[in-house]
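Single-letter residue listing:
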Amino acid sequence: MIDFSFTENQLMVRDIAREIAVKVIAPNISEFDRAHKMNPEILPAMAKANLLGFCIPEEYGGLGTDYISLGLASEEMEYADTSARVILSVHIGLYSLPILAWANEKQKQKYLTPAAKGEIIGTFGLTEPAAGTDVVGIQTTAVKKGNSYILNGEKMWISLADVADCFLIFAWTDLEKKKQRDHSGISAFIVERDFDGITTGSIHGKLGVRAGNTGFISMQDVEVPSENLIYEEGQGFKIAMFCLDQGRYTVAAGSCGLIKACRDACINYSKERYTFQKPIAEHQLVKQMIANMEAGYEYSTYLWMKAGWLKNQGKRSTKATSLAKWIACREAEESAANAVQVFGAYGYSDEYPVERFYRNAKGASIYEGTREVHTLMQADYVLGNRVDTQLEKDLPVVNQ
Ligand SMILES: Cc1cc2nc3c(=O)[nH]c(=O)nc-3n(C[C@H](O)[C@H](O)[C@H](O)COP(=O)(O)OP(=O)(O)OC[C@H]3O[C@@H](n4cnc5c(N)ncnc54)[C@H](O)[C@@H]3O)c2cc1C
């Protein structure tokens, strides 16, 4: 049976997210975006509403919701601004859910429960100055010394780098395998901001997501207790891919919020702007652009909902999530470009939000797997070069 209706719980969560988006994020987003600053009220507001504990069971201080609710909230957040959705992507998708699936009980108590309650913020450190797509090109090392690992390396383009309290860091524990580029030599660690040898900073001059923090994490002889190793040595690559499965899902759903924001802005503007003595909404080529936004929104929504449905069932969703992310980001980029077009010269100025949508949309085709990566993944699935098997660790099944 296919059921496209949302449950009362899902709608309730969506409405909570919408309220924060409307009351806290939207009113002054232009100012924060222009100033390249994060609105300091967003994280406390999300924590107060329990939105930092999405999909985390109540026993770990979470909201205990399902994945469709997380998708709906991602859409609401990104309708207001991409930077707000990024918080859900990294804190929930790339940090909390992987800890829920892969960490031991002691680690969950220490690093998941406070994250779910919004007492600490987590993020994900995989990318480095010389390695993004090419994960085995990372240079960060973690050398065992007694009951600790000594971490050295540089992480780059990390969302919330200057804000988060804890980082899920990927590093080589097997230096021989590093030379051979064998990903089974990579491990995952939880690293606290307060550990000696950590410095972070923000990247300036970004094209988009300007109201969000993106930065670097530098690690110099950072002593990380062995008990902060997630799961087992050599499982880091697998864990990183698992993280991306969750983060990408929020990017896919969030991109639908961006498409909708483009569509709604164009609906309003095209009815008010006149050329040749009629509203531009009556010109067929303008209608075409708005129709494309609507179509992109609809089919992108179905794709992330399918991935969310699989996640709710505890089924592996890598293929569905990758497809949803690829297509939603592509449609968001096209919708934002067309939104600027519909607004004409006004779209080219920050007097209206569509130029921000355009700048923000670009990033999503780069992070969490570039559009080229997702294109290749989809081809490889159908060509028989790639198959998803059930993972040894996965998210718990949840009720809708
Ligand atoms: C706003 C923002 C936030 C981010 N947040 C985080 C974060 O929180 N944590 C984190 O770890 N990272 C983060 N990233 C980094 C992001 O994940 C990387 O930028 C991404 O993985 C791409 O890596 P790269 O930039 O090094 O590009 P590269 O890997 O150098 O790729 C450059 C180009 O070559 C193409 N390419 C590369 N290899 C292939 C191939 N085999 N076949 C075809 N084409 C190929 C790519 O698609 C791309 O077009 C963020 C990036 C941005 C922009």
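No experiment lies behind these values; they were computed from the predicted model shown. (Residues numbered from 1 in each chain as written. Predicted model: local features only at pLDDT ≥ 70, side-chain atom pairs only at ≥ 80, totals over all residues.)

(A) Expanded view of the overall build of the protein. Of the regular secondary structure elements, the protein holds twelve helices and ten strands. In terms of overall dimensions, the protein is globule-like: its C-alpha atoms have a radius of gyration of 21 Å, near the 21 Å expected for 400 residues. Dimensions of the protein, computed from the C-alpha atoms along their principal axes, are close to 80 × 50 × 45 Å. Considering the protein as a whole, with its 400 residues, one finds that 50% of them fall into the buried category. (Helix = DSSP H or I, 4+ residues; strand = E, 2+ residues; numbered from the N terminus. Rg over C-alpha atoms; globule rule 2.2 N^0.38 Å. Buried ≥ 20, exposed ≤ 12 C-beta atoms within 10 Å, placed from the backbone.)

(B) Layout of the site of the ligand. Near the ligand you find 21 residues, and of these Thr127, Gly132, Thr133, Thr370 and Glu372 are the closest. A breakdown of the residues in the shell around the ligand according to their chemical character gives ten nonpolar, nine polar and two charged. Two domains each put at least three residues into the shell around the ligand: domain 2 (123-234) and domain 3 (237-383). (Near = placed C-beta within 6 Å. Nonpolar A, V, L, I, M, F, W, Y, C, P; charged D, E, K, R; others polar. Domains from an automatic or database assignment.)

(C) Quick peek at helix α8 (residues 236-272). Between its terminal C-alpha atoms α8 stretches 54 Å, which fits the 54 Å expected from 37 residues at 1.5 Å a residue. Judged by how many residues are buried, α8 sits mostly within the fold: 29 of 37 residues are covered. (Expected span 1.5 Å × (residues − 1).)

(D) Main features of the domain arrangement of the protein. Taken domain by domain, the protein consists of domain 1 (8-121), domain 2 (123-234) and domain 3 (237-383). A straight line from the C-alpha centre of domain 1 to that of domain 2 covers 23 Å. Every contact between the two is made by 23 residues of domain 1 and, on the other side, 20 residues of domain 2. Of all elements in the fold, only α2 (29-35), α5 (82-102) and α6 (105-116) reach the threshold of two or more residues within the side of domain 1 that touches domain 2. No other element matches α5, which puts nine residues into the side of domain 1 that touches domain 2. (Contact = placed C-beta atoms within 7 Å.)

(E) Representation of the nonpolar core within the structure. Leu151, Phe189, Cys262, Trp304, Ala336 and Ala339 are the most contacted members of the largest nonpolar core, which totals 122 residues. Ranked by the residues each element gives to this core, the list is headed by α8, at 18 residues. The residues touching Phe189, leaving out its near neighbours within four places in the chain, are Ala142, Tyr149, Leu151, Ile169, Ala171, Val224, Asn228, Leu229 and Ile230. (Core = buried A, V, L, I, M, F, W, Y, C linked by C-beta atoms within 7 Å.)

(F) Broad picture of the packing of α8 against helix α11 (residues 354-364). Between α8 and α11, the shortest axis-to-axis distance is 11 Å and the interhelical angle comes to 160°. In terms of axis orientation, α8 runs roughly antiparallel to α11. Regarding α8 and α11, the two cross each other, and that crossing is left-handed. Mapping the contact onto sequence places Val251, Ser255, Leu258, Ala261, Cys262 and Ala265 in α8 and Val354, Phe357, Asn360, Ala361 and Ala364 in α11. Broken down by class, the residue content of the contact of α8 with α11 amounts to nine nonpolar, two polar and no charged. (Axes fitted to C-alpha atoms, helices over the stretch in contact; angles between N-to-C directions. Parallel < 35°, antiparallel > 145°, perpendicular 65-115°, else oblique. Left-handed = near helix turned anticlockwise from the far one by under 90°.)

(G) Structural detail: the packing of helix α9 (residues 284-312) against helix α10 (residues 318-343). Where α9 contacts α10, the axes come no closer than 9 Å and their chain directions differ by 160°. As far as their axial angle goes, α10 and α9 are roughly antiparallel. For the element pair α9 and α10, the recorded crossing hand is left-handed. On α10, the residues touching Val286, Met289, Asn292, Met293, Gly296, Ser300, Leu303, Trp304, Lys306, Ala307 and Leu310 of α9 are Ala320, Thr321, Leu323, Ala324, Ile327, Ala328, Glu331, Glu334, Ser335, Asn338, Gln341 and Val342. Across the contact of α9 with α10, the residue classes tally to 13 nonpolar, seven polar and three charged.

(H) Focus on the environment of Ile68. Relative to the elements of secondary structure, Ile68 occurs in helix α4 (residues 67-80). Measuring from C-alpha to C-alpha, the distance between Ile68 and Tyr249 comes to 10.0 Å, with 181 residues separating the pair along the chain. In this structure, Ile68 is in contact with Gln10, Met305, Gly308, Asn312 and Gln400, ignoring residues within four places of it in sequence.

(I) Fine view of the pairing of strand β2 (residues 141-145). Both β2 and strand β3 (residues 148-159) contribute to a ladder of five bridges, which runs antiparallel. Looking at the pairing, Thr141 lines up with Asn152 of β3. Linking two consecutive strands that pair antiparallel, namely β2 and β3, is a turn of two residues; a positive phi of about 60° is found at Gly146 within it. (Pairing = 2+ DSSP bridges.)

(J) Representation of unusual backbone geometry in the model. Of note in the backbone geometry, Asp221 takes a positive phi value of approximately 50° without being a glycine. Unlike most non-glycine residues, Gln277 shows phi in positive territory, near 65°. The exposure class of Gln277 is exposed, given the 6 C-beta atoms found within 10 Å.

(K) Just α10, in detail. The terminal C-alpha atoms of α10, which comprises 26 residues, lie 37 Å apart, in line with the 38 Å expected from a rise of 1.5 Å per residue. Burial analysis of α10 places 21 of its 26 residues in the buried class, the great majority of the element. With its phi angle positive at about 60°, Gly344 sits one or two positions after the end of α10.

(L) Region of the structure containing the environment of Tyr95. Examined against the element boundaries, Tyr95 turns out to sit in helix α5. Placed 73 residues apart in sequence, Tyr95 and Leu168 show a C-alpha to C-alpha distance of 6.5 Å. Contacts of Tyr95, omitting those with residues within four sequence positions, involve Val90, Ala115, Gly122, Thr123, Phe124 and Leu168.

(M) Main features of the environment of Ala47. Mapped onto the fold, Ala47 is located in helix α3 (residues 42-48). For Ala47, a count of 16 C-beta atoms within 10 Å gives the class partly exposed. Residues Ala47 and Ile120, 73 residues apart in the sequence, show an inter-C-alpha distance of 9.7 Å. In contact with Ala47, not counting residues within four places along its chain, are Leu52 and Gly118.

(N) Local environment of the pairing of strand β1 (residues 122-125). Every second residue of β1 is oriented toward a common face, with Gly122 and Phe124 on one face and Thr123 and Gly125 on the other, all of them buried. Pairing geometry for β1 and strand β4 (residues 166-172), over four bridges, is parallel. From the neighbouring strand, Gly125 faces β4, where its bridge partner is Ile169.

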